[in-house]
Amino acid sequence: MPHQLTGRPEGPLSATDKALPPQADGLTAEQFLATAPRLSSLATPLLTLSEPAIAANVETLAAWSSDHGIALSPHGKTTMSPVLWRRQLEAGAHSITVANYPQLRVAVAAGVRRIQVANDLVDPAALRWLTEAVDTDPELEVMVWADSLESVAVLRDHFTGSRPLTVLAELGGAHGRTGARSVEVAVAIGRALAEAGNLRLGGVAGYEGALAHDPTPEAVAAVDAFLRRMAATHQALLDAGSYPADGEIVLTAGGSAYFDRVAAVLAPLAFDRVRVVIRSGAYVIHDSGFYTAMTPFARTDDGATYHLTPAMTAWARVVSRPEPGLALLDVGKRDVSFDEGMPTVLGVAAQLGAPRRELEGAQVTAVNDQHAFVQLPAEADLAVGEVAALGLSHPCTALDKWRTIPVLADDSDDPVVADLLTTYF
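As the structure is a computational prediction, the values presented were derived from the model and not from experiment.

(A) Structural detail: the pairing of strand S9 (residues 274-278). S9 sits mainly inside the fold: four of its five residues count as buried. Bridge count for strand S2 (residues 71-72) against S9 is two bridges, and the pairing is parallel. Within the sheet, the bridge partner assigned to Leu-72 lies in S9 and is Ile-278. Bridge count for strand S8 (residues 249-253) against S9 is five bridges, and the pairing is parallel. Across the sheet, residue Thr-252 finds its bridge partner in S9, namely Val-277.

Below, the structure written as structure tokens:
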């Protein structure tokens, strides 16, 4: 299939691109960028990305993965940005991961040729489309997951491609998300996949992040126990001769919080055609909250060598000081993430592009649809019309609120807008 998606907005820009000023209306992205707009050209509410931070983060996890003998299949659902996916692939990524059928279609339309769907794909319409897609493009490789014998049956009955579909047996855990709840069931799924003529058992998958949510020793121990169960599932399938005689076998786990544990527990199993693959996605943007605390680089010795940098900043204007100790900003749930922690105040300035100053003691306590509530010390120097730079937590639920995102060339006070990133959520 030909490439149909680009990294920039297609067609003329308009008032529907909420991140852009009226000067962009009617221009193409290239024409607007040729005017050398700066941060000060824009208006609030606003989300921007840092080009230097993105470039450094892509390089960092590519290097870490290579140094630890594992492969990286970045989870594309974090950004839904084909241009960033291509940068990750060019840096050595094994494949791109997506979460569902709509995201799979975006990845195929963007020209990605090796894709992992980290989910059960049991919609007959989706499987009919996938059949046509792989038959049309012999270079397209798609892996999907199955966590039950029922899932295997749906795949077997509705995928009718001319070559077998690679499926990974998914292991889960009690009170987690999807995934077989025992090694025995996961092994049975693997054997059923091996026996289906139009399916190919491609390995074992799991998501440890559903079983732990903090960096405590207890959480890490739970992750390690789960990964050992994944290893046992793989070994049982290997001993039973369930894997095909040729082709790659994938063991995949690892979001953006515990990928170091995947390297510690599963990487020793990689040999010959067995490949261990992590699926970290948030790392490319990183954040100023949840992942800053959770990344292995913050809690292991690897932090001395590897470092991730927050690449997203929200900008919001003070629209009201209705009472002492309170400021209202023109940014809310429609603009910023809030599910893994409130935004943090990085600094304030007279206007976008002006030098920032610190505002000690300022804390965002709540957001509603269009406003953020900032608690301030009584003596805080903050006036209506001034602009706050906000650090956000969890890029997965920040980028999905913006169709077009300005990418800033550097981290100066008033950087040039180097690019416009389009998302396809």
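The rest of the description comes next.
(B) Structural context of the side chain of Thr-97. Position of Thr-97 relative to the elements: it lies in strand S3 (residues 96-98). The class of Thr-97 is buried, set by a relative accessible area of 0%. In terms of polar contacts, Thr-97 uses its side chain to reach the side chain of Ser-73, at 2.8 Å. Excluding anything up to four places from it in sequence, Thr-97 contacts Ser-73, Pro-74, His-75, Gly-76, Lys-77, Gln-116, Ala-118 and Arg-279.

(C) Quick peek at the packing of helix H7 (residues 183-195) against helix H8 (residues 217-239). It is the contact of H7 with H8, at a shortest axis distance of 9 Å, that shows an interaxial angle of 40°. Here H7 is positioned oblique relative to H8, judged by the angle of their axes. Here H7 runs over H8; the crossing is right-handed. For the pair H7 and H8, the contacting residues are Val-183, Ala-186, Val-187, Gly-190 and Arg-191 in the first and Arg-229, Ala-232, Thr-233, Ala-236 and Leu-237 in the second.

(D) Molecular detail of unusual backbone geometry. Cis geometry is found at the peptide bond from Thr-44 to Pro-45, where omega equals -5°. Its location among the elements puts Pro-45 in the loop between helix H1 (29-34) and strand S1 (46-50). Despite not being glycine, His-394 shows a phi value in the positive range, around 75°.

(E) Local environment of the UniProt feature "domain: D-serine dehydratase-like" (unreviewed entry) in the protein. As annotated in UniProt, the feature "domain: D-serine dehydratase-like" (unreviewed entry) corresponds to residues 311-409 in the numbering used here. Taken as a whole, residues 311-409 contains 0% helix and 41% strand, while its terminal C-alpha atoms sit 12 Å from one another.

(F) A look at the sheet that holds S2. Read from one edge to the other, the open sheet built from eight strands follows the order S2-S9-S8-S7-S6-S5-S4-S3, with strand pairing classed as parallel. Two strands in the sheet have a free side with no partner beyond their single neighbour: S2 and S3. Taken together, the four bridges between strand S5 (residues 141-146) and strand S6 (residues 165-170) define a ladder with parallel strand orientation. By the bridge assignment, Ala-146 is partnered in S6 with Ala-169. Contacting S3, strand S4 (114-120) and S5, helix H4 (residues 101-109) runs over the sheet at an angle of about 180° to S4.

(G) Representation of the pairing of S1 within the structure. In terms of burial, S1 is largely enclosed, as five of its five residues are buried. Residues Leu-46, Thr-48 and Ser-50 point to one face of S1 and Leu-47 and Leu-49 to the other, with burial holding for every one of them. Two elements, S1 and strand S10 (residues 312-323), share four bridges in a ladder whose sense is antiparallel. Opposite Leu-46, over in S10, you have Trp-315 as the bridge partner. In this structure, S1 lies alongside strand S16 (residues 404-408), joined through two bridges in parallel fashion. In the strand pairing of S16, Ser-50 is matched with Leu-408.

(H) Examining H8 more closely. A rise of 1.5 Å per residue sets the reference length of H8, with its 23 residues, at 33 Å; its end C-alpha atoms lie 32 Å apart and thus fit the reference within 8%. For H8, the complete set of buried residues consists of Ala-219, Val-220, Val-223, Asp-224, Phe-226, Leu-227, Met-230, Ala-231, Thr-233, His-234 and Leu-237. Following H8 by one or two positions, Gly-241 has its phi on the positive side, about 70°.

Reading the values: the criteria
- Residues numbered from 1 in each chain as written.
- Predicted model: local features only at pLDDT ≥ 70, side-chain atom pairs only at ≥ 80, totals over all residues.
- Heavy atoms only, no water.
- Buried < 20%, exposed > 50% of the residue type's maximum accessible area, 1.4 Å probe, protein only.
- Helix = DSSP H or I, 4+ residues; strand = E, 2+ residues; numbered from the N terminus.
- Pairing = 2+ DSSP bridges.
- Polar contact = N/O pair within 3.5 Å; in protein donor to acceptor, adjacent residues only side chain to side chain.
- Contact = heavy atoms within 4.5 Å.
- Axes fitted to C-alpha atoms, helices over the stretch in contact; angles between N-to-C directions.
- Parallel < 35°, antiparallel > 145°, perpendicular 65-115°, else oblique.
- Left-handed = near helix turned anticlockwise from the far one by under 90°.
- UniProt positions renumbered as here; feature names shortened; annotations may be inferred.
- Expected span 1.5 Å × (residues − 1).

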